Amino acid sequence: MASRSLVCLIAFVLLALATTASSQLCPDFYDKSCPVALSTIKWVVEAAVNKEPRMAASLLRLHFHDCFVNGCDGSILLDPTSTIDSEKNAVPNLNSVRGFKVVDNIKSEVDKACGSSVVSCADILAIAARDSVVLQGGPTWEVQLGRRDSTTASRTTANTAIPSPLSDLPALIDNFKNQGLDETDLVALSGGHTIGYARCLAFRNRIYNDTNIDSEFADSLKCECPSSGGDSNLAPLDPTTESFDMEYFRNLVEKKGLLHSDQALFNGGSTDALVEKYSSDAIAFSNAFAKSMVKMGNIKPLTGNEGEIRLNCRKVN
Ligand code: HEM
Ligand SMILES: *[C@@H]1O[C@H](CO)[C@@H](O)[C@H](O)[C@H]1NC(C)=O
């Protein structure tokens, strides 16, 4: 009996050590195994964004939608199969998330440059998101690395975990809290909407029915977004959609948030003060965004020998 509990104790201690040691991401993870990994990813992202500026926004959003569904594990990249209920088919993602071909291209170039498949798809998303923000004039940060790729995906979790653009502030706060993110993270990360576009479908109810919206702003969108039809017509999330700046927050203060969930951050609630701060202090926003991106990137990564390094980001090995 005594020897059995000793074995258990040793097993427990080893497990505890293994978990602490393996749950740690670090910025120099690929320095030995593939020193050219980060520079390779950077140039492929640069080429893609030069070709189509919106791709920066699309890549940033991919990382967000990956992290909010069972952690930053590349699960969003898996295509549907008989055993994979692809997150690509979840309501917030379907006909909406994009950039998968660019990710394929990054993976193939980085594997070629490294000489083998050492860089995970989950890390590719984290690095591509940072590089995209930098290319649009936003802040930089050191990306924590060492995530591994999932062997599963969950459409149903994607449906519940990714926040809806129809949310009010309490729902947004609660949604981020479920990921270990606080109100500062919510406001700072929503600043990601300083780049990119939304479909009419996502803001129709806001421009026709919301009362906390500048009426000229609402009217200016009605041509592109009729009360019925034109669901996939696009409008910029802020007026300077290719530039990572404070305009998103300045517009919230003017009741010109495009999504109901954007304006919810400045609607008389507890986040008003932060929105006002970020609307007038670029450095405060930059610092907060970078800090919260690292925090978001740390959501439940697979590390050590959990998961795998996918050969093809769309498929389990
Ligand atoms: C706070 C809750 C959030 C909600 C409710 C939300 C919702 C949305 C919606 C509805 C769209 C438009 C999708 C479409 O119409 O196809 C969108 C676009 C976008 N979101 Fe969010 N989002 C949130 C937070 C974030 C965060 C945290 C980030 C990144 C840090 C982010 C980055 C983006 C980007 C860059 C786009 C534009 C993508 C493109 O043009 O391809 N969003 N978001
Ligand atoms: C405005 O709200 C009403 C009542 O909830 C709804 O029936 C209608 O479809 C909404 N209009 C738009 C354009 O979303």
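As a convention, each chain's residues are numbered from 1 in the sequence order in which they are written. Labels follow written order: the first chain is A, the first ligand is 1, and so on. For a predicted model such as this one, the threshold for reporting local features is a pLDDT of at least 70, and the threshold for listing and counting side-chain atom pairs is 80 or more; totals across whole chains, interfaces and linings nevertheless cover every residue. To get the side-chain values, all heavy atoms of the structure are used, and hydrogens and water are removed first.

Which residues make up the UniProt feature "binding site: Ca(2+) 1" (unreviewed entry) in the protein chain, and what values go with them?
UniProt positions are given in the numbering used here, feature names are shortened, and annotations may be inferred rather than shown by experiment. Within the UniProt annotation, "binding site: Ca(2+) 1" (unreviewed entry) is assigned to Asp66, Val69, Gly71, Asp73, Ser75 and Glu87. A stretch of 22 residues holds the annotated residues, and the largest C-alpha distance among them is 13.0 Å, short enough that they meet in one place. Only runs of H or I of at least four residues qualify as helices and only runs of E of at least two qualify as strands under DSSP, and these elements are numbered from the N terminus. For Asp66, the position within the fold is in helix α3 (residues 54-67). We call two residues in contact whenever any of their non-hydrogen atoms come within 4.5 Å of each other. Other than its neighbours up to four places away in sequence, Asp66 contacts Gly71, Cys72, Asp73, Gly74, Ser75, Ile76, Ala122 and Leu125. Turning to its location among the elements, Asp73 is positioned in the loop between α3 and α4 (100-114). If sequence neighbours within four positions are ignored, Asp73 has contacts with Asp66, Ala122, Arg148, Asp149, Ser150, Leu302 and Arg310.

Run through the site of ligand 2, naming residues and quoting values.
Distances are taken per atom, and a residue is near a molecule or strand as soon as one of its heavy atoms is within 4 Å of it. In the vicinity of ligand 2, the contacting residues are Arg204, Asn205, Tyr208 and Asn209. Here a polar contact means two N or O atoms within 3.5 Å. Within protein one must be a hydrogen donor candidate and the other an acceptor candidate, and residues neighboring in sequence count only if both atoms are side-chain atoms. The contact in question runs from an oxygen atom of ligand 2 to an N or O atom on the side chain of Asn205, over 3.1 Å. With the chains in place, 38% of the 350 Å² that ligand 2 exposes on its own is no longer accessible. Each residue gets one label: Ala, Val, Leu, Ile, Met, Phe, Trp, Tyr, Cys and Pro are nonpolar, Asp, Glu, Lys and Arg are charged, and the others, such as Gly, are polar. In terms of residue class, the shell around ligand 2 is built from 1 nonpolar, 2 polar and 1 charged. Shrake-Rupley sampling with a 1.4 Å probe provides the accessible areas, and residues are treated as covered by the protein chains on show and by no other component.

Describe the environment of Gly138, and please don't skip the residues or the numbers.
By the secondary structure assignment, Gly138 is in the loop between α5 (121-135) and α6 (155-161). Throughout this description, buried means an accessible area under 20% of the type-specific maximum (1.4 Å probe, protein chains only), exposed means over 50%, and partly exposed covers the range between. Classification of Gly138 as buried rests on a relative accessible area of 18%. Along the backbone, Gly138 and Phe289 are 151 residues apart, and their C-alpha atoms lie at a distance of 9.2 Å. What Gly138 contacts, discounting residues up to four positions off in sequence, is Val133 and Phe244.

Describe helix α2 (residues 37-51), with residues and values.
Counted at 1.5 Å a residue, the expected span for α2 with its 15 residues is 21 Å, and the 22 Å between its end C-alpha atoms agrees. Residues of α2 that are buried make contact with α3, α4 and α5. Residue count minus one, scaled by 1.5 Å, sets the expected span of a helix.

Give me the site of ligand 1: which residues, what numbers.
Surrounding ligand 1, one finds 27 residues, the nearest of these being Arg54, Ser58, Ser96, His193 and Arg199. Note that a nitrogen atom of ligand 1 is positioned 2.8 Å from one of the side-chain N or O atoms of His193. Tyr197 has a polar backbone atom sitting 2.9 Å from an oxygen atom of ligand 1. Only protein atoms enter the 1 Å grid used here, on which a cavity is any set of points holding a 1.4 Å probe that cannot leave and a pocket is any open set flanked by protein within 12 Å on both sides along at least five of seven lines; residues with an atom within 4 Å of a point are listed as lining. A molecule is said to be in a cavity or pocket once over half of its atoms fall within 2 Å of that pocket's grid points. Judged by the proximity of its atoms to the pocket grid, ligand 1 belongs to the largest pocket. Taken together, the elements giving at least two residues each to the shell around ligand 1 come down to α3, α7 (169-177), α8 (183-190) and β1 (197-199).

Before we move on, can you summarise the state of the cysteines with the specific residues and values?
The term disulfide is used for any two cysteine sulfur atoms that are within 2.5 Å. Tallied over the full model, the rule gives 4 disulfides. Between Cys34 and Cys114 runs a disulfide, and the two sulfur atoms are separated by 2.0 Å. Across the S-S bond linking Cys34 and Cys114, the dihedral sits near -85 degrees, which makes this disulfide left-handed. With Cys34 in the loop between α1 (2-22) and α2 and Cys114 in helix α4, the pair connects residues that are 80 residues apart, well separated along the chain. By the burial criterion, Cys34 is buried, and Cys114 matches it.

Any details on empty space enclosed by the protein? Residues and values, ideally.
Think of a ball as big as a water molecule: rolled over the atoms, this probe shows where empty space is left. Grid points are joined across faces, edges and corners, and a volume is the space filled by probe spheres set on the points. For the structure on display, the rule yields 1 cavity of 30 Å³ or more. For the largest cavity, the calculated volume is near 70 Å³. Along the walls of the largest cavity sit His63, Ala126, Trp141, Glu142, Val143, Gln144, Arg147, Met293, Val294 and Gly297, which together make up its complete lining. The element that contributes the greatest number of residues to the lining of the largest cavity is helix α14 (residues 282-297), accounting for 3 residues.

How would you summarise the UniProt feature "binding site: heme b" (unreviewed entry) in the protein chain if you had to cite specific residues and measurements?
Under the feature "binding site: heme b" (unreviewed entry), the UniProt entry names His193. Within the secondary structure, His193 sits in the loop between α8 and β1. According to the relative accessible area criterion, His193 is partly exposed, its value standing at 25%. If near-sequence neighbours (up to four positions away) are discounted, His193 is found in contact with Leu237, Asp238, Tyr248, Leu259 and Asp262.

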